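Geometric and topological summary
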Amino acid sequence: MKLEKINQSSGIAVREEGLFVNGEMRAAVSGATFDDFNPTTGELYARVADAGVEDASMAIEAAQAATRTWQQLTGSERENVLWRAASALEEQSEEFVEVLIDEAGSTVSKARSEVSKSVDLVRAAAGDVRRVEGKTTPSAKCSFSIRQPVGVVVAITPWNVPLTLAAKKVALGLSTGNTLVLKPSPLAPVIAVMLGRVFDEAGLPPGALNVIPGPGKPLGDLFVAHPDVKAITFTGSTATGKYLAGGAAANLKRFGLELGGKNPAIVLRDADLERAAQAIVFSAFYHSGQNCMAASRVIVEGPCYEEMVERLGSRASNLKVGDPRSPETHLGPIINDEQLQRVHRLVTDSINAGARLVCGGTPDPPFYPATVVADVRPGMSLFEEETFGPVAAVIQAEDAADALQLANNSRYGLSAGIFTRDIQKGLKLAQQLEVGMVHINDSPTYTEPTVPFGGVKESGYGREGTGGWAWQEMTESKWITVLLEEKQFPF
Ligand code: NAD
């Protein structure tokens, strides 16, 4: 039933991909498709079935129908499905790597690490299946609470880390006993449909995972209003998150938001500058800065400011930009021209406002070089706006207190790095930083499956992670009591 095939028209291999609904590949009800381009070559990569409201309704119906089947399996059976899915993904890793390169412009090393992280995540979630715990409460009665699946969860994912983010939501949803409708970004739909097939091969009951590539609107409006959708887990931009959160609130839907970031990396005067520069350069330029945890504001204490600017500039200038298939490439393409122009505008606006270009800054579409801009200050666009491109904005701080104030001077609050040899100072700063995640002497771009991943302020709310972190979003607690002794009622 696979729609996947290679179309050799015009000498270019164009893949065709369908929707994955109720365990089957199918075309959209309308017959519509949309084009998925390779960001490096600009060529058409895939023609993908374009889900409309009717398709989304069918996917929700299939997920709703599958809740009983999925929940009636024993914990051991469900755990095995997740384990088999992880193994199938691992076995097919090279195929997934290829798609991540062609569809999302990932470099070879980013694509490989994304696949292995996804395998690890699904395995970690498998371990959760039999650990969803309730609580007993001290009471004159027998009083306890159990956690139950919410039912149908809609997962909406972005294009930048399209496999890991989808695998995470799917694995967390399934491990807590829910069924899912996954709506991936139209910029990276193929990888998500492939993930759906992997779970199918692993023995997931039909309908327990449905993948429907399509536009945000009007599908988002359907999701927030549909009575059978019990929770929405969203990763993407703050603007889209805010829009959907409004609809979700109006319909009292459970809603988790993993949004944008303007992540600070604080370098204190006693830091190991070489180590700090290495970690910051990795974070700022990983996947060409198109990572939500990118160290895009480097806040450096005065005495080591110029030395740090120099170290960052020299490391960034040595990064290779170009064909993501070449194993030597550090920075592949920017996802599309609109985003590339936006990145360049943020750089030029800041330079026009008095910032200093240290290296990079000249676009070579579809590539943008590793760029370091120094003397950035609050109010400049590189200080305020999420860049989502390969730009490290360096900001001078008078002292640690000023660094903290500058770091917290942001509407975002996702991840941060602090570089210091004084761990006490580092821990104190970590407690005061208005972010969801802080790494002392490491890159802000860091995650593990079992952690409370998430942000504060306009970086979102809710936490994603195995070991109970996702239970708030993905389960309902139910309080149950048993009367143990005869009770006297007032009337
Ligand atoms: P986006 O908000 O444009 O799109 C994200 C998803 O939302 C896509 O699937 C898109 O089709 C869908 N969408 C758009 N409008 C919608 C609507 N009205 N209703 C329902 N769905 C809708 O974001 P993007 O450009 O794909 O991704 C980049 C953004 O994602 C950046 O801001 C980045 O920081 C953020 N991000 C955050 C995390 C995190 O964990 N915090 C991780 C990765 C990316």
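The structure contained in this document is the topic of the report that follows. (Residues numbered from 1 in each chain as written. Predicted model: local features only at pLDDT ≥ 70, side-chain atom pairs only at ≥ 80, totals over all residues. Heavy atoms only, no water.)

1. What to know about the pattern of salt bridges
Under the defined criterion, the tally for this structure stands at 24 salt bridges. The salt bridge involving Arg311 is made with Glu274; its shortest N-O contact spans 2.4 Å. Taken together, the residues Arg311 in helix H10 (residues 305-317) and Glu274 in helix H9 (residues 273-285) connect sequence positions 37 residues apart. By relative accessible area, Arg311 is classed as partly exposed at 25%. Here Glu274 falls in the partly exposed class, since its relative accessible area comes to 35%. (Salt bridge = Lys/Arg side-chain N within 4 Å of Asp/Glu carboxyl O. Helix = DSSP H or I, 4+ residues; strand = E, 2+ residues; numbered from the N terminus. Buried < 20%, exposed > 50% of the residue type's maximum accessible area, 1.4 Å probe, protein only.)

2. Looking at helix H11 (residues 337-352)
Along its 16 residues, H11 runs 22 Å from first to last C-alpha, staying within 8% of the 22 Å computed at 1.5 Å per residue. Restricting attention to buried positions, one finds in H11 the residues Gln339, Leu340, Val343, His344, Leu346, Val347 and Ser350. Axial view of H11: buried residues confined to an arc of 150 degrees, hence all on one face. Residues of H11 that are exposed and point over 90 degrees away from its buried face: Glu338 and Asn352. Of the surrounding secondary structure, the elements contacted by the buried residues of H11 are strand S17 (371-374), helix H12 (381-384) and strand S18 (391-397). Note on H11: the residue one or two positions beyond its end, Gly354, has a positive phi of about 115 degrees. (Expected span 1.5 Å × (residues − 1). Arc of directions from axis to C-beta. Contact = heavy atoms within 4.5 Å.)

3. A word on the site of the ligand
Taken together, 28 residues are adjacent to the ligand, and Thr157, Ser237, Thr240, Leu259 and Glu386 come closest. In the model, an oxygen atom of the ligand is placed 3.1 Å from a nitrogen or oxygen of the Trp159 side chain. Measuring from an oxygen atom of the ligand, one finds a backbone N or O atom of Ser185 at 3.4 Å. Protein contact buries 88% of the 850 Å² of open area that the ligand shows by itself. Here the shell around the ligand is composed, by residue class, of 14 nonpolar, 10 polar and 4 charged. There are two domains that each give the shell around the ligand at least three residues, and those are domain 1 (2-259 + 460-477) and domain 2 (263-440). (Near = heavy atom within 4 Å. Polar contact = N/O pair within 3.5 Å; in protein donor to acceptor, adjacent residues only side chain to side chain. Areas by Shrake-Rupley, 256 points an atom, 1.4 Å probe, with all protein chains shown as cover. Nonpolar A, V, L, I, M, F, W, Y, C, P; charged D, E, K, R; others polar. Domains from an automatic or database assignment.)

4. So, the packing of helix H3 (residues 93-104) against helix H6 (residues 189-201)
Following both chains from N to C, one finds H3 and H6 inclined at 160 degrees, their axes separated by 9 Å at the closest point. Relative to H6, the element H3 is oriented roughly antiparallel. By crossing handedness, the relation of H3 to H6 is classed as left-handed. Two secondary-structure elements touch here, H3 through Glu95, Phe96, Val99, Leu100 and Glu103 and H6 through Pro189, Val190, Ile191, Met194, Leu195 and Val198. Looking at the contact of H3 with H6, its residues break down into 9 nonpolar, no polar and 2 charged. (Axes fitted to C-alpha atoms, helices over the stretch in contact; angles between N-to-C directions. Parallel < 35°, antiparallel > 145°, perpendicular 65-115°, else oblique. Left-handed = near helix turned anticlockwise from the far one by under 90°.)

5. Description of the sheet that holds strand S20 (residues 415-419)
Across the sheet, which stays open at both edges, the 7 strands sit in the order S16-S17-S18-S15-S14-S20-S21 with mixed pairing between neighbours. Both outer strands of the open sheet, strand S16 (356-359) and strand S21 (437-440), are each paired with one neighbouring strand and no more. For this sheet, the mean inter-axis angle between neighbouring strands, taken without regard to orientation, is 20 degrees. Where S16 lies against S17, 3 bridges are found, and the strand directions are antiparallel. Along S17, the bridge assignment pairs Leu357 with Val373. Docked against the sheet, H11 engages S16, S17 and S18, running at close to 25 degrees with respect to S17. (Pairing = 2+ DSSP bridges.)

6. Some words on the packing of H9 against H10
A packed helix pair is summarised by two numbers, namely the angle formed by the two axes and the spacing between the axes. The N-to-C vectors of H9 and H10 enclose an angle of 50 degrees; their axes lie 10 Å apart at closest approach. With respect to H10, the axis of H9 lies oblique. Handedness of the crossing formed by H9 with H10: right-handed. Side by side, H9 and H10 meet where Leu273, Glu274, Ala276, Ala277, Gln278, Ile280, Val281 and Phe285 of the first sit next to Glu307, Met308, Arg311, Leu312, Arg315 and Ala316 of the second. Taken together, the residues of the contact of H9 with H10 sort by class into 9 nonpolar, 1 polar and 4 charged.

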